[in-house]
Each structure stands twice: as C-alpha cells, then as structure tokens.
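# Observations on the three-dimensional arrangement
Now for the letters of each chain:
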Amino acid sequence: MKKLIAFFFVALLALSLVACKEREYPVDGVFLGYEVSVSRNAPQVTYVTVTIEDGEIVEYNIDVRQGTRTNTGTTEAPNYTFAWNAKTKKELGDDYGMKESSAIGKEWYEQAAAIEAFWLENGVEAMTKNAETNAIDNITGVSIKDAYSVAALQALENAKAGKFVAIHCSGTDLYSVEMTLTDKGAIDTLKLDVLQATKSATEGTFVWKTQTKQQLGYNYGMHKNASGTTTEADYIAWLRANNKYEWFEQADMITADIIENGWSATASETVIAGVTITTTGYYAVLAKLFAFAGDSVK
C-alpha cells in the first residue's frame, strides 16, 4: 500500500510539473517580424509571420512589399516621386516575373512556399546558404538569396515574448504598432509609430531616417514653425499654453483610449480630445494588429 501511495504522489508530481511548465510560445496568434531596406532607390519591407495555435507553430508566411521610383520630369530636369507598390510579391504571383530568369524555372511565390514548408518542418535555423552568394542551398526548389531569415527569427522572438506587431505601408511611410498583453489577456502596452524617409526629387535618392516619429519625440516638431521657438523647453511650454500636442503625444492618446475602452471595428470613429492628426493609417495598422491577436485579447 505504501508503495502504491508513493507511486501515486510521484505520478501526481510529474503531472503537476508538466502542467506548470511554461510554453515556449505562451500566446496564440500571428506574430510578425520585418526588415526595412531600399531597393533601386525605392522603399522595401520584408516581413515574415509565424502563426501559433495551442502553443505550437502551424504556419510561416513570407512576403515583400516593394516601392517604385518614377521620374515625372525630364532627363535634364528630373522630378522623382516615390510610392509603395499596390501589391506585394506574393500578391503579384506570376506577374512578378521571376520565372523566366530563374535558373530553376520557379516564380518567387513558389520558392517562398518551399522555404515556408521547410521552416515549418525543420526550423528557420536549419536553412543554410552559400557563404559567398548568400543563395539558399539546402531547400529543393529554391535558388533565391536569403533575405528572409532575419525577419523570421524576429517573428519567432516576438512569439516567444507574446509581442504582437503589425505594419502598414502608405505613401512612402511605414506605419507600425506593437502590443503586449497581461497574463489575463488584457492590453498591457500598445505603441504606434511611423518610419519616414529622406527623399530627393532631383537626385532620385531614397534613404530611411535613423529615428522614427516616436524616437524623435518633441524633435519631430509638428508645430515647431507655428511656435516660433528655438529650444525644446520653450516649444513644450508653447504647446501646453496653446492646448496643442506633439505627434507622439497624440499617437499615445489614441492607444490610451483603446487600452481603456477596448478595440472595435468602429474605433476610428471615436473623437479623442487633443488628437488632430489624420488617423486613417493608424487605424488601418491597428486593425491588422487586432486581427493578428484574435481571441488572445480578452
């Protein structure tokens, strides 16, 4: 009897340890990692999502949105404009046009699908590439260079941290939002941001700025010209005296309202005192974020 009781408690302890073991991916949903770059003097963002269900990876998705540089002037007097493409590489499908020049006769989306399947079966770090050319060399049906593992590993880190991320391309800006949840599924942190670029209409150059709008803080200077101030302290005093707010303050007002009142499809119709910025892009990226989080947000 004593042996039976001892065995029972050992088994109960083992079950308790299994139950208490923390999951590698604690929150279900879709987690994104991304990397911005410049391609042919136009914007480009590479991103990867990993879908977690019941604590397990069930899907990877790779995609790239590129941009286009257009000279609306002449060769002698150029006037370059820049814009994100309407469709991503995956959305373009056969129209992307890689197949004809591909050494293996595969379109980009077909090669991306092969990479996704390999990652799902073997893990991202199992993929290898040529040290000189960076071409992926151990996945059948793939000859493209590796431009995706950085974003994939970032997506996995976000999944491990339970951090939801979404992006939205508009004009030449990259909108982004990040969110973490409490252990009860309530919104803990929610932060909007925008990365912009320095563009030259005459030189045709496109360079991402080193700081986002949030990182710039009061240096973004949304009302700086109107204020006529020269120091940050005077600028802040002018803002408060005139009941105006800097970009990051207004963005934080939007997210604070959502944290307090929750997200809904009609959130963009909410009037928030002090917010004067155009909010279409912000609510577009927020909609993507909450779609990624799904039922994980309580």
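The numbers attached to residues start from 1 for each chain and follow its sequence in the written order. Only residues with pLDDT of at least 70 get local features here, since the model is predicted, and only at 80 or more are side-chain atom pairs given and counted; chain-wide, interface and lining totals rely on the full set of residues. Side-chain descriptors were evaluated using all non-hydrogen atoms of the structure, hydrogens and water having been removed beforehand.

## Describing the nonpolar core
Cut-off, in case you're wondering: For this analysis, a nonpolar core means a set of buried residues of the types Ala, Val, Leu, Ile, Met, Phe, Trp, Tyr and Cys, connected via side-chain atoms within 4.5 Å. Buried residues are those whose accessible area, probed at 1.4 Å on protein chains only, stays under 20% of the maximum for their type, while exposed residues exceed 50% and partly exposed ones sit between those limits. Only DSSP runs of H or I covering at least 4 residues are called helices, and only runs of E covering at least 2 are called strands; the numbering of each starts at the N terminus. Residues are treated as being in contact if the distance between any of their heavy atoms lies within 4.5 Å.
Counting 57 residues, the largest nonpolar core has Ile-115, Trp-119, Met-179, Ile-254 and Leu-286 as the members making the most contacts within it. Looking at which element gives the most residues to this core, the answer is helix α9 (residues 280-293), with 7 residues. Beyond its immediate sequence surroundings of up to four residues, Trp-119 is in contact with Val-48, Tyr-60, Ile-62, Val-124, Met-127, Tyr-148, Ser-149 and Ala-152.

## Here we look at the layout of surface pockets
Filter applied, for reference: In this analysis the probe radius is 1.4 Å and the grid spacing 1 Å, with only protein atoms considered; a cavity is a set of points the probe fits into but cannot get out of, a pocket is an open set with protein on both sides within 12 Å along at least five of seven lines, and lining residues have an atom within 4 Å of a point. Grid points are joined across faces, edges and corners, and a volume is the space filled by probe spheres set on the points. Amino acid classes used here: Ala, Val, Leu, Ile, Met, Phe, Trp, Tyr, Cys and Pro are nonpolar; Asp, Glu, Lys and Arg are charged; the rest, including Gly, are polar.
Empty space within the largest pocket amounts to approximately 250 Å³. Together, Ser-39, Arg-40, Gln-44, Gln-66, Gly-67, Thr-68, Asn-85, Lys-89 and Tyr-96 line the largest pocket. No other element matches strand β3 (residues 56-71), which puts 3 residues into the lining of the largest pocket. Considered class by class, the residues forming the lining of the largest pocket number 1 nonpolar, 6 polar and 2 charged.

## A look at the sheet that holds strand β6 (residues 173-181)
Consider a sheet: its strands pair through backbone hydrogen bonds, and that pairing is either parallel or antiparallel. Let me state the cut-off plainly: DSSP bridges decide pairing: two strands pair if at least two such bridges lie between them. Structural elements are reduced to axes, namely lines fitted to C-alpha atoms, with helices fitted over the stretch in contact, and the angle between N-to-C directions of any two is expressed from 0 to 180 degrees.
Read across the sheet, 3 strands follow the order β5-β6-β7 without closing on themselves; strand pairing throughout is antiparallel. Both edges of this open sheet fall to β5 (163-170) and β7 (187-195), since each of them pairs with a single strand only. Averaged over all adjacent pairs, the angle separating strand axes in this sheet is 15°, with direction ignored. The pairing of β5 with β6 spans 8 bridges and is antiparallel. Bridging from a neighbouring strand, Cys-169 pairs with Leu-174 of β6.

Worth remembering: the numbers are spatial, not functional.
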